[in-house]
Amino acid sequence: MSEVKLAAETRSEFGKGAARRIRRENKVPGVVYGHGGDPIHVTLPGHELQLALRTPNVLLSLDIDGTNELAIPKAVQRDPLKGFLEHVDLLLVKRGEKVTVELPIVTEGELAAGGNLLEHVLNTLPVEAEATHIPESVTVSIAGLDAGAAVHAKDITLPSGTTLAVDGDAVVLQVLAAQAEEAPADAEGDEAAAEA
């Protein structure tokens, strides 16, 4: 996992007006918290942050007024229509520290023939990993699974150094049988029923 370096400026203005001014400058307001310290209100470069957040659970190396801190995104707020970043909460981490994150689930392979459907009961898998070695995703093979089959959290092979942060019996994926299509009713029969 690579680190993305960002320059962060501390900010002393709060509220909607200040946040709007920050966004007009193509920057994003944020809060950095963790390790029992006071929250640090920061302003981050908008474009660089947007690019960094394309990687799930990205490790950010923040230069906050000359102090270097490591952080991971905890909550990201986006404009619901335009998608631009409105605010970000970052969690301070240290090298060697274990953190709980949610990994995207990637499937590979084809289901058994017969028009079965794959249902994602969980879209992400909660795991505990070392802060500087967080995997980008977890891959699950669905090759040959038939209707009624389920993949539980304990069945998923995790990257080394990663442990489950959810009950092992939790269903992650399940295969559903395709719904049988109803035969269209006979048009003449419908007309006869309508006349009666």
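Residues numbered from 1 in each chain as written. Predicted model: local features only at pLDDT ≥ 70, side-chain atom pairs only at ≥ 80, totals over all residues. Heavy atoms only, no water.

Asker: Before we move on, can you summarise the layout of surface pockets with the specific residues and values?
Answerer: Approximately 210 Å³ is the volume found for the largest pocket. If you go around the largest pocket, the residues you meet are Leu-53, Thr-55, Pro-56, Asn-57, Ile-72, Pro-73, Lys-74, Ala-75, Val-76, Thr-100, Val-101 and Glu-102. Listed by contribution, the elements that provide at least two residues to the lining of the largest pocket are strand S5 (67–78) and strand S7 (98–108). What the second largest pocket holds in volume is close to 160 Å³. (1 Å grid on protein atoms, 1.4 Å probe; cavity = no way out; pocket = protein on both sides within 12 Å on 5 of 7 lines; lining within 4 Å. Points joined across faces, edges and corners; volume = space filled by probe spheres on them. Helix = DSSP H or I, 4+ residues; strand = E, 2+ residues; numbered from the N terminus.)

Asker: Please give an account of helix H1 (residues 16–24) that cites residues and values.
Answerer: All of the buried residues along H1 are Ala-18, Ala-19 and Ile-22. Down the axis of H1, the sector holding all buried residues measures 100°, keeping them to one side. Along H1, exposed side chains directed more than 90 degrees from the buried face belong to Lys-16 and Arg-24. Those residues of H1 that are buried lie in contact with strand S2 (27–33) and strand S3 (40–45). Within two residues after H1, Asn-26 carries a phi angle of roughly 60°, on the positive side. (Buried < 20%, exposed > 50% of the residue type's maximum accessible area, 1.4 Å probe, protein only. Arc of directions from axis to C-beta. Contact = heavy atoms within 4.5 Å.)

Asker: Let's hear about the pattern of salt bridges: which residues, and what values?
Answerer: Within this structure, the stated rule accounts for two salt bridges. Of the charged contacts, one joins Lys-27 and Glu-9 as a salt bridge, the two residues approaching to 3.2 Å between their closest N and O atoms. A residue pair is termed long-range when its members are at least 10 positions apart, and Lys-27 in strand S2 and Glu-9 in strand S1 (residues 3–10) qualify at 18 residues. Looking at Lys-27, the relative accessible area reads 24%, which means it is partly exposed. (Salt bridge = Lys/Arg side-chain N within 4 Å of Asp/Glu carboxyl O.)

Asker: Break down unusual backbone geometry for me, citing the residues and quoting the values.
Answerer: Residue Asn-26 is not a glycine yet carries a positive backbone phi of 60°. In this structure, Asn-26 sits in the loop between H1 and S2.

Asker: Residue-level account of the environment of Thr-163, with values.
Answerer: You can see Thr-163 is positioned in strand S12 (residues 163–164). A residue is classified by how much of its surface remains accessible, and Thr-163, at 39% relative accessible area, is partly exposed. When the C-alpha positions of Thr-163 and Asn-57 are compared, they lie 16 Å apart, and in sequence the two are 106 residues distant. Excluding residues within four positions of it along the chain, Thr-163 makes contact with Val-127, Glu-128 and Leu-158.

Asker: Which residues make up the nonpolar core, and what values go with them?
Answerer: By size, the foremost hydrophobic cluster in this structure holds 22 residues, and its most contacted members are Ile-72 and Leu-125. Taken together, the elements giving at least two residues each to this core come down to S5, strand S6 (85–93), S7, strand S9 (124–130), strand S10 (138–141) and strand S13 (171–176). Looking at this core, the element that brings in the most residues is S7, giving four residues. Apart from residues lying up to four places away in sequence, Ile-72 is in contact with Val-58, Leu-59, Asp-89, Leu-90, Leu-91, Val-93, Val-99, Val-101 and Ile-134. (Core = buried A, V, L, I, M, F, W, Y, C linked by side-chain atoms within 4.5 Å.)

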